[in-house]
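The residues making up each chain are set out below.
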Amino acid sequence: MKLKLLVVAAMVGMMSMPASADVEFRHAIEGTVLDFSFAKKGGNTPAFKKFIVDGKNPYNNDKDAIQEGHDAYMPACSGCHGHEAEGKLGPGLADDYWTYPGAETDKGLFEILYGGAKGMMGPQNVNLNTDEMLHIMAWIRSIYKGDPKKAKWLK
Ligand code: HEC
């Protein structure tokens, strides 16, 4: 009887373990490892599974994905970052100045979206699933107006 309970407990434990990632994703400020078990459902798509292995956003330069990203950006981000990501309450996202230089890579940009930063930049994992975040990131990269040499995500 006791053994059965132990087995059940072990199985429940295993099921709640976050999906394993080859790249380690950390909170932009606290440095703690991000826990994907908090992720909104529906985001564990083939694109996201690929992303957590090499940290490269498969939606970059994908026209349809960029359009979807724009559609998702409008209600989720434009109120604070502006319709063209020119900056408003939050900083501009289309130039090459980053408060968090890590955002120059897609891994770093994702870490800010998923885990949040300071103040009003809360974790977006409640509103958006991880696949939607990748779409929004692809749109942000598509409107980049900064120095092409600083576009680390292209490398
Ligand atoms: C309620 C307002 C608000 C919303 C909504 C919001 N942000 Fe932010 N965001 C901010 C603020 C304020 C900062 C600055 C925080 C800091 O410096 O730690 C910020 C910072 C950022 C940064 C870091 C920029 C840099 O220069 O390093 C990124 C990237 C970002 N937000 C992307 C997004 C995206 C994408 C969305 C939509 C999914 C979003 N934010 C939604 C307010 C918001």
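Quick look at the structure, then.

Definitions and cut-offs
Residues numbered from 1 in each chain as written. Predicted model: local features only at pLDDT ≥ 70, side-chain atom pairs only at ≥ 80, totals over all residues. Helix = DSSP H or I, 4+ residues; strand = E, 2+ residues; numbered from the N terminus. Contact = placed C-beta atoms within 7 Å. Near = placed C-beta within 6 Å. Nonpolar A, V, L, I, M, F, W, Y, C, P; charged D, E, K, R; others polar. Buried ≥ 20, exposed ≤ 12 C-beta atoms within 10 Å, placed from the backbone. Expected span 1.5 Å × (residues − 1). Bend = angle between axes of the 7 residues up to and from the residue. Core = buried A, V, L, I, M, F, W, Y, C linked by C-beta atoms within 7 Å. Axes fitted to C-alpha atoms, helices over the stretch in contact; angles between N-to-C directions. Parallel < 35°, antiparallel > 145°, perpendicular 65-115°, else oblique.

**Some points on the overall build of the chain**
When you go through the chain residue by residue, the secondary structure sums to five helices and zero strands. Across the chain, helices and strands are ordered from the amino to the carboxyl terminus as α-α-α-α-α. In the chain, the proportion of contacts linking residues at least 24 apart, taken out of those at least 6 apart, comes to 67%.

**Concerning the site of the ligand**
Cys77, Cys80, Gly90, Lys118 and Met121 are the nearest of the 24 residues found near the ligand. For the shell around the ligand, the secondary structure elements donating two or more residues are α3 (63-81) and α4 (106-115). No other element matches the five residues that α3 contributes to the shell around the ligand. Here the shell around the ligand is composed, by residue class, of 17 nonpolar, six polar and one charged.

**So, the environment of Asp54**
Structurally, Asp54 can be placed in helix α2 (residues 46-54). Under the C-beta neighbour-count criterion, Asp54 is labelled exposed, with 12 such atoms within 10 Å. Between the C-alpha atom of Asp54 and that of Val23, which follows or precedes it by 31 residues, the distance is 6.5 Å.

**Points about α3**
In this model α3 runs just 22 Å from its N-terminal to its C-terminal C-alpha over 19 residues, more than 12% under the 27 Å that 1.5 Å per residue would give. Considering bend angle alone, the principal kink of α3 is centred on Met74 and spans about 60 degrees; proline Pro75 follows within four residues of it. A positive phi of about 90 degrees marks Gly82, the residue just after α3.

**Considerations on unusual backbone geometry**
Of note in this structure, Asn61 is not a glycine but carries a positive phi near 70 degrees. Assignment of secondary structure puts Asn61 in the loop between α2 and α3. The class of Asn61 is exposed, set by 12 C-beta atoms lying within 10 Å.

**Regarding the nonpolar core**
With 25 residues, the main nonpolar core has Met133, Leu134, Ile136, Met137 and Ala138 as its most contacted residues. For this core, the elements supplying multiple residues, two or more each, are α2, α3, α4 and α5 (130-142). Among the elements that take part in this core, α5 stands out by supplying seven residues, more than any other. Not counting the four nearest positions on each side in its chain, Ala138 is found in contact with Asn57, Tyr59, Asn60, Asp62, Ala65, Ile66 and Gly69.

**Quick notes on the packing of α2 against α5**
Their axes nearest at 9 Å, the elements α2 and α5 cross at an angle of 75 degrees. Taken together, the axes of α2 and α5 lie roughly perpendicular to each other. Each of Ala47, Phe48 and Phe51 in α2 lies in contact with α5, whose residues at this interface are Thr130, Asp131 and Leu134. Along the lines of polarity and charge, the residues of the contact of α2 with α5 split into four nonpolar, one polar and one charged.

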